[in-house]
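# Chains, contacts and geometry: an overview
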Amino acid sequence: WLASNVDAAAAREERPNSEGGVRPGPAEASLTQPEQQQQQQQQQQQQQQDLKAAGSIDPYTDLEGPAGAEQGESVLSVAFSPDGTKLASASGNAFGGGKDSCIRLRSLGPDGQEVVLRGHERAVNSIAFSPDGTWLASGSWDNTLRLWSVETAQMVIAPMRGHEDAVTSVAFSPGGKVLASGSDDRTIRLWSPETGQSLVSPLARHSDWVRSVIFSPDGTILASGSDDRSVLLWDTKTGLPSTQQALTGHANPVTSVAISPEGDKLASGSWDKTILLWDLKKPNEHIGRLSGHSGPVYKVHFFSQHLLLSVSDDSTLRIWDLRTPGDTPPCISAFYAPLPLKCVHSHDRSIAVGDEKGVVHLLDVPWKDDVAALLDRWPQTRRSPDDIPE
C-alpha cells in the first residue's frame, strides 16, 4: 500500500509554485527513457525542496486505495490512533454501494503492517478509535455499528443494530464509556461499547439526516450536524438539547461538526461551501464565517486550538488561523489535490486526507504550534476562491 501515486504526483507538478508560475512539465521526448526518469526524479526532488523552502504543505506519502477497489469508491473516513502509531481508513461508494466496503488498519511504524477489517455489507461512512486506542468503532450504510479490537482485528461484540437507515457518523466520549452514532434515520443513539446495548432512547430532534456527531473534550456536550441545516447541542446527562434553539446560519446541509481542544469553539462545515464558528459559551449566533472553498465542505477538524482543517469537493485541504480578530479568519495554507477530498484527521504534525478515488494522502506540517511561523512561511496562501486552480 505504501507507494507513490503517479497520477497525483503528475497533477501536483502542474500546480502553481510559490512564485505563481507553473512547474516544468515532463522531460523532452528526445531524451531516452532512463534519462527521462532521472530528470523527472530530479524535478520531483527539487519540487519538494521548493515546497519546503516556501513553507507549503509537503506531501510525503500516498497510501493507495484497497486492492481491487472499484472505480468511484472513496475514502469516506480516516482516523489516527491516539498514540499516532496506526492509521485507519474506511472506504466504499459514497452512495452506499461498492465491493470494497471495508476498513484498512495500517501501522505507521517501520514494519508497515496492514490488516483489512471486513464485515460490513455496505460502505463504511465513519470510524473512530476509543480514547485508549484498544477499539475501533465503525458505522455503515448497512445500518449497523461495529466494534473492532485493534490488537486482533476482530469484532469485539455483535453488530449494534437499532438505526433504521445508514449510520453516518460515530464518536467516542472522552472516557470511552459511551459511543454516539448519527444516522440518516434522523436520530442519534448512545451505546455502551462494552455491551453493545443502547443506553437511552434515540435523540430525535433533527428533521432530516444526521451527518456528524462529536463530543466536547469534557464529555458534557454532544454536538450534531444535520441536513436540516442546523447544529444541535445536547446535554449528555439529560439527553436533551442544551440550548433552547438550534444553531442556524448555513444555507445548505451541515456535513461536519468539530469542537476545539479546549472545548470553547465549535466549527460546522456545509454544502453551502462555508464554515461557521460558534462560541460554545454563548452559542446564540455564529462568531465567524470562513469562506474560500469553491465546493461543498465535507469535513472540518481542529488541528490545534487555533488552527482548523477543512476539506472540500474543490479538491483542497485548507488550514485556517482562528486567532485573527473579526468574523473572517484567513486561510493560511492550502494543499491542492488532483481529486475531491472527502475526509481529514490529524495527530501531532501529521495530517491524513482521503480522496474520492481511494487514496489517503499523508502530509507533514512543520511549525504546527507556531502560528506566527506558519504565517511567515506561507504568506502566498492567503487566497481568494479565484486563485484556486481548476
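See the structure printed just above.
Let us look at the sheet that holds strand β18 (residues 254-259). Within a beta sheet, neighbouring strands are joined by backbone hydrogen bonds and run either parallel or antiparallel to one another. Taken together, four strands build an open sheet; the order of strands is β18-β19-β20-β21 and the sheet is antiparallel. Only two strands of the sheet have a single neighbouring strand rather than two, namely β18 and β21 (288-291). When the angles between neighbouring strand axes are averaged without regard to direction, this sheet yields 20°. Here strand β19 (residues 265-270) runs beside strand β20 (residues 274-279); their pairing, made up of five bridges, is antiparallel. The partner of A267 across the bridge, within β20, is L277.

What follows covers the sheet that holds strand β5 (residues 103-107). Pairing is antiparallel across the open sheet formed by four strands, whose spatial order is β3-β4-β5-β6. Pairing within the sheet leaves two strands with one partner each, and these edge strands are β3 (73-80) and β6 (114-117). The sheet shows a mean angle of 20° between the axes of neighbouring strands, taken without regard to direction.

Looking now at the pairing of strand β9 (residues 145-149). For β9, the tally of buried residues reaches five of five residues, placing the bulk of the element in the interior. Here β9 shows two buried faces, one formed by L145, L147 and S149 and the other by R146 and W148. Strand direction decides the pairing type here: strand β8 (residues 135-140) and β9, joined by five bridges, are antiparallel. Of the residues in β9, the one forming a bridge with G139 is L145. In this antiparallel pair of consecutive strands, β8 and β9, the connection spans four residues, and N143 shows a positive phi of 75°.

Our next topic: the pattern of salt bridges. What the rule picks out here adds up to seven salt bridges. Notably, a salt bridge pairs R349 with D364, separated by 2.7 Å at the nearest N-O pair. One end of the pair, R349, is in the loop between β26 (341-347) and β27 (350-355); the other, D364, is in strand β28 (residues 360-364), and 15 residues separate them in sequence.

All right, on to the nonpolar core then. L309, L317, V344, I351 and V353 are the most contacted members of the largest nonpolar core, which has 15 residues in total. For this core, the secondary-structure elements that each account for two or more residues are β23 (307-312), β24 (316-321), β25 (331-336), β26 and β27.

This next bit is on the side chain of H293. You can see H293 is positioned in the loop between β21 and β22 (297-302). Judged by relative accessible area, H293 falls into the buried class, the value being 5%. Within the structure, H293 has its side chain in polar contact with the side chain of S310 (distance 2.7 Å). A polar side-chain atom of H293 sits 3.3 Å from a polar atom in the side chain of T316. Apart from residues no more than four positions distant in its own chain, H293 is found in contact with K273, S310, V311, S312, D314, T316, R318 and W320.

Cut-offs used in this document
Residues numbered from 1 in each chain as written. Predicted model: local features only at pLDDT ≥ 70, side-chain atom pairs only at ≥ 80, totals over all residues. Heavy atoms only, no water. Pairing = 2+ DSSP bridges. Helix = DSSP H or I, 4+ residues; strand = E, 2+ residues; numbered from the N terminus. Axes fitted to C-alpha atoms, helices over the stretch in contact; angles between N-to-C directions. Buried < 20%, exposed > 50% of the residue type's maximum accessible area, 1.4 Å probe, protein only. Salt bridge = Lys/Arg side-chain N within 4 Å of Asp/Glu carboxyl O. Core = buried A, V, L, I, M, F, W, Y, C linked by side-chain atoms within 4.5 Å. Polar contact = N/O pair within 3.5 Å; in protein donor to acceptor, adjacent residues only side chain to side chain. Contact = heavy atoms within 4.5 Å.

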